[in-house]
Each structure stands twice: as C-alpha cells, then as structure tokens.
Amino acid sequence: MFQPKKKRPRIRKTMSGLIALTLLSSIVFPSIAGAEPAEPSQVQFANVSVQAGQTVHVPVALKKSYFGVKAYNMQIDYDTSALEIVRITPKSVNVISTSPNEDGVADFQYQINNAEGWVRIIWVDFTGGDHSIVDETQLFDMEIKAKSNAAPGTKQLSVDQTDSEHWHFTNVEHNSGAQLSGGTITITAANSGGDNSGSTPTPNPGNSSGGGGGSVSPTSPVVTPVPSTPAVTKGVDIYVNGQKQEQSATASTSTVNNQVTTTVHVDNDKVINQIGSGLKTLLLPITGTGKGAVVGELNGKLVKTMEGSNAEVVIQTDSGTYTLPANQIQMDQILNQFGSTVPLEDITIQIAIVPSATSKQTAIQAAADKLENTTVIAAPIDFEVKAIWNGQQVNVDRFNSYVERSITLPEGVDGSKITTGVVLQPDGSLLHVPTKVIKGNVQDSAIINSLTNSTYALIYHPATFSDVSSHWSRDDVQDLASRLIVQGTGENVFAPDRSITRAEFTAVLLRGLGLHSPRSTEAASFTDVKTGSWYEDEVQTAVSYGLISGYADDSFRPNSEISRAEALTIVSRAMKLVGLAQADASETTSLLSTYSDSAKVQAWATEPVASAIKQELVQGTDGKLMSDADISRAQSAAIVKRLLAKAGLI
C-alpha cells in the first residue's frame, strides 16, 4: 500500500555519463549485416519567433522514420550573445528520466552549457527495440530565452551532422541516419506594451486572473499536419440548452496520417445570441465517426461570453464525451499568453477527443503488464484543449475543479470488468484517476473526473488480501487496491490494523483524488522532508493544493504516526477541493456533542472533525471519536473511499 517510489534521478556534474551513452547509442544495437540501407529519418526543429527578453518553446519532432528509432544523440549549438537554453523537456512516452543518474545511465539525458553555447541530448531504447520511436512524434521540447540585449534578426540552431558524436541516429533495422531541417529563431525588438504578437511570454502557471489556480502551458508554434484526403464539409445541428439549433455549425472531415478527423466549426455569433436567454449547455453531438478523432472549434469571444453565464460545452462522440465548463478554459490566462490586445474572436479554442497514438497504447500495455493481474479494457483516449492564434498554440492542461469526461466501452464489454481509469505518466507508469462506471442500454461507459488533461485508459485490476477476508474494512480496502490507491505490505497481506504515517496517509489521499503532480511551481519547505525521499513529490503536491501545512517548527514529521484528528484535518481540506460542504461554526458543537469524548477534541480540530461527521466520513466507535488515537490503515482506506463516493467521483 505504501511502498516507496523509485527515487528521482539526479544529474551528474560531468559529461562522463553522456559520453558513455553516446558510445552506446552507436554500438549497443548494431545494424543487421547485409541489410539494404533505408532512407534517412527526418527530424525537424520548429522555426519560431520571440521578443528579446522573452522565452519560446521549440519542439523537436521526428517527422518520418522507416524502421523506428532506437537511439539518437545530438549536440545543438547556438549563439550565446543572443540565446540561452532554459530547460529541455522529453516528450516521447518511453522516456524514463531527464538526466544522468547516480546509479547508471538513463534512457534520456541532456546537459546544457550556456557559457559555451551548446546542449547535448541523448536517448537510447535499452530494450533492444521493443520501445523504439516509430510514430511521427515530438522527441523533446527546448525552452529558449532571447536575451534582453539581443538585437533583432535571425539566429540558427545548428548541428554538425558530419560528426557522429554531435549527430547520430540508429534505427531498429538499419543505421540509416537522419536529416535535419528548421531551427531558425527570429528575434524581434523588446516591446514596452501594446502589440505582443512577436513574443511568447513565460506564464505563471500558479496564477489565474479568474482565480482558482489553474494553468495553461506556454505558447508553442502550431504544426499543422497536411491532410492526405481533401476535407469534406457539411452543415450539422448543435443543441443549446437541449434545443436543436439547425445549421449552427459545420463539420469537415479529413484524413491525416491515417487518422480520420472530424472538426466541428461552431457559428459563434449565432450561439452568442442565445446567451441572453440563459445559455447553460452547448452540445456538439458528433456521431458516426467510429474511432476517428473529433475536434470542436469555438472562438475566444464565445468562450469568454459563456464563461460569464457559467455555461459548459459538451463534445459527444462515439468513443466518449467531454463536458467542459467554459470558465475552466481560462480565457484570461490564454489572452495573457498571446497578448492583451489580441481580439478574442481571433483566438480559436479546440476541444478534442482523440484516439491515442500507437506508441501510447504500447506504453500503457507495457505498464499494465508490469502490474499483477491487470487487463487494459478498450483503447486509450486523449482529451485535449488548445488555444490557437497567429501560428502560436497554448495547451490548456490544468483546471481549477474536477472536469468530467467519459469513455464509451466497446459493445459487449461489461462495465463490471472495469476497476478504474488510469492516466499515463511521463515515466510510463499508470496512476489512478477517480472513475465510476455507468450502465447503459447498449453500451456501458466510464466517467472519469480529473483536474488535468492527459491520456486515459481503463483497466481491470481485481485485488484481494487474505487478512481482510473477514475484516470490517474488506470491501473498502479491496476496492481501493483494485483502483491502485492502496497496496499490500507483503504477499497477499494488507495489515489493516497497523498504524499509518503522515507521509503514507498523504500519499493515499492524493492517489485517491488523482493528484499526481503539484499545481504550481512554489516549493514546499520542511526541514525534515529530504530531497530524494519517496514522499518528497507527495508532500510538494499536497502543499500546492493546500492539504497540508506542517508544524510551527517548519517540520512535517513524515514518518510519525498520524492521529485521527490530524487525518481528518487533511481530509477536511480535501472536501473543499471536491466540493463537499463543511460544518459551519453553528453546526460544530451540535455534531460533536453526540460523542462522549468530544471535549477531548483539540480546538484546532473541532471544525474539521465536525465536517467529517457531517459528511458521514467517520462514525466513531462505541460512541467515541478517539481523536488523539492513531488512525489505522483500514480506517484510512475507509475514509478516503467515503470521501470519493460522497463527492460522486467513484
């Protein structure tokens, strides 16, 4: 249940690890003797523009590869008088880590030298080709800053392709090499205000002008794929508050990279005219597309107007449904990214339900194979929200409250054979997201609620423990174990009556809520939370969501047993996140008075404990709360399950 996570790798201070992996990339996977040479892979650096003093994201993508790439290394050189590298972010799903580690060589490594003007990036598939990069995909992202004193003009990201230590690609079947294109950075003069069209400012993901702390990702250039078939356009009906609005949208269908995509363009002015009469729901039902991708397009003016009326947009397809409140798109943050003077009607908002790429499906299956007794049910799906303007793109990937999406199960698949939905993590692991199954007349569906956008899949992972078979907590423990929220302490053993530490309880609650990363970059500072500890990320995430605060001496005491009062205080804060009402001052005394030991509840815990009683998360034992007693593993599981069920998340 509370097994430590694999420690995050730490970067070395020398190039020795990078050099070793450079050699591995060219010798560990030799080409097949006598094989015919293949055409080279195609690699593309995006061409971008940026204001002096601002940052820009440069995607590096594999555009074509005939046999799949199993290793590559490159050294990218740049002009230090004008540019500096801020960070490198891996994007391929089979990446394990982002830097050399202390114990060995990682799959993905990089080292930046802003003094000399180079960055070295190396990746190797150590499985021997099982996880090679075969799809058209983004390899990694470079965040680059144009220095404040940079003169307007163009700078080129360059690679010495004649030097194998600076440029080398190895394919699964052939050492066919790779050809590079792009990499021009156009620097524009720093702007004192007004038009911001040339810049891509770095956002503050922890702030939102609308409140709530959601985030959008930095702007990046839009890469528009070329359809392999002409688009076919037709008029379609949409629904406003359940009433059909004939010919208020058009749908165009095209095929890109063998993926059929239907894009619905809403008549924004027509819908805006409906808002005066109380628009609450805009439904775009797109059926008959099978496993194809569906994209709903609105402009920023419509979204901002819907935001003011607390309306939501619903995209309904054969494979799933996305229900998105307009205020979660966060138009103010998007406008800050593009520039405050950009007309809202010129910003395109795309809300998409897309079948996951083959590489992601493979990664999800590989992760499921590592878990015992786990089956992937139905193909995974990506839910995406993007804002596009003037060749730039912003991904909206974090929300201020839980956003609902559903996955429709294939006909004949029984919903009872699903234990939870999972999200694919950058390290290739699967983590729980709050999920409940809804029975349908023909097809069942799984409702997933999450605070982020990502790739989602459904799994069947039944779990049992021999020592809870006759324990009062059996159903709660085994349900949460089947959802990957809790784990056993040994072979088929849960130890339900054992106490739980503060770090362990925090981790279980976060897993239950589906909170897997911090909502902001603000670092938590506790004197006893060690860098590299298994609970470091959990503590950081819990602090960012306001769930924990620590003690007056700036300690968290992660390894101390947690009392019932302390646990309920954390749960009470989580109640705000999931929208459950808490006890007010007038209710607190009444709710506590029914327990014989209520006077022992310390003042700081009275309202949290009363709130848990109000929502029936705790019941007490023999008429007592026992607030100072340590909480057990079984009690922790029961409280977390009740919290999720009461909030309608499971």
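Scroll up for the structure.
The present account deals with the structure reproduced in this document. Just so you know, these numbers come straight off a predicted model, no measurement behind them. (Residues numbered from 1 in each chain as written. Predicted model: local features only at pLDDT ≥ 70, side-chain atom pairs only at ≥ 80, totals over all residues. Heavy atoms only, no water.)

Time to look at the overall build of the protein chain. For the protein chain, the count of helices and strands is twelve helices and 29 strands. Scored against the burial criterion, the 650 residues of the protein chain give a buried share of 52%. Excluding contacts between residues fewer than 6 apart, the proportion of contacts in the protein chain whose partners are at least 24 apart in sequence is 76%. Accessible area of the protein chain: about 27800 Å², with a carbon and sulfur share of 47%. (Helix = DSSP H or I, 4+ residues; strand = E, 2+ residues; numbered from the N terminus. Buried < 20%, exposed > 50% of the residue type's maximum accessible area, 1.4 Å probe, protein only. Contact = heavy atoms within 4.5 Å. Areas by Shrake-Rupley, 256 points an atom, 1.4 Å probe, with all protein chains shown as cover.)

The next point concerns the packing of aromatic side chains. Tallied over the entire structure, the rule returns nine aromatic pairs. Pairing Trp167 with Phe169 gives two aromatic rings, centres 5.0 Å apart and planes at 50 degrees, and the pair type is tilted. A relative accessible area of 6% means that Trp167 is categorised as buried. The class for Phe169 is buried, based on a relative accessible area of 2%. In this structure an aromatic cluster arises from ring pairing among Tyr72, Trp123, Trp167 and Phe169. Positioned above the aromatic ring of Phe494 is the side chain of Arg633, whose terminal nitrogen or guanidinium carbon lies 4.5 Å from the ring centre. (Phe/Tyr/Trp six-rings, centres within 6.5 Å; stacked < 30°, edge-to-face > 60°. Lys NZ or Arg CZ within 6 Å of the ring centre and 35° of its normal.)

The next point concerns the sheet that holds strand β6 (residues 108-113). Reading across the sheet, the four strands line up as β6-β7-β4-β10 and stay open at both edges, with antiparallel pairing between neighbours. The open sheet has two free edges, formed respectively by β6 and β10 (167-171), since each of these has just one partner strand. Pairwise comparison of adjacent strand axes, ignoring direction, gives a mean angle of 5 degrees for this sheet. Pairing between strand β4 (residues 69-77) and strand β7 (residues 118-124): seven bridges, direction antiparallel. Of the residues in β7, the one forming a bridge with Ala71 is Val124. (Pairing = 2+ DSSP bridges. Axes fitted to C-alpha atoms, helices over the stretch in contact; angles between N-to-C directions.)

All right, on to the sheet that holds strand β2 (residues 48-51) then. Reading across from one edge, β2-β12-β9 is the order of the three strands in this open sheet, with mixed pairing throughout. At either margin of the open sheet sits one strand with a lone partner, and together these are β2 and β9 (153-156). Along the sheet, successive strands turn relative to each other by an average axial angle of 30 degrees, direction set aside. Inspection of the sheet shows β2 paired to strand β12 (residues 184-188) by four bridges, in the parallel sense. Of the residues in β12, the one forming a bridge with Val48 is Ile185.

Remark: helix α9 (residues 564-578) packs on helix α12 (residues 633-646), axes separated minimally by 11 Å, with the N-to-C direction vectors making an angle of 20 degrees. Considered as vectors, α9 and α12 are oriented roughly parallel to each other. Crossing of α9 over α12 shows right-handed handedness. Mapping the contact onto sequence places Arg564, Leu568, Val571, Ala574, Met575 and Val578 in α9 and Gln635, Ile639 and Leu643 in α12. Split into classes, the residues belonging to the contact of α9 with α12 amount to seven nonpolar, one polar and one charged. (Parallel < 35°, antiparallel > 145°, perpendicular 65-115°, else oblique. Left-handed = near helix turned anticlockwise from the far one by under 90°. Nonpolar A, V, L, I, M, F, W, Y, C, P; charged D, E, K, R; others polar.)

Here helix α7 (residues 502-513) is twelve residues long and its end C-alpha atoms lie 17 Å apart, about the 16 Å a rise of 1.5 Å per residue gives. Most of α7 is tucked away, with twelve of its twelve residues classed as buried. Regarding α7, the residues found buried are Arg502, Ala503, Glu504, Phe505, Thr506, Ala507, Val508, Leu509, Leu510, Arg511, Gly512 and Leu513. Along its buried surface, α7 packs onto β24 (398-408), β26 (430-433), α8 (536-544), α9 and α12. (Expected span 1.5 Å × (residues − 1).)

Let us look at the side chain of Asp597. Here Asp597 is to be found in the loop between α10 (585-592) and α11 (606-614). In contact with Asp597, not counting residues within four places along its chain, are Gly623, Lys624, Leu625 and Met626.

Within the fold, Thr317 resides in the loop between β19 (312-316) and β20 (320-325). Setting aside anything within four residues of it in sequence, one finds Thr317 in contact with Ile286, Val294 and Ile353. Reaching out from Thr317, the side chain makes a polar contact with the backbone nitrogen of Ser319 at a distance of 3.2 Å. (Polar contact = N/O pair within 3.5 Å; in protein donor to acceptor, adjacent residues only side chain to side chain.)

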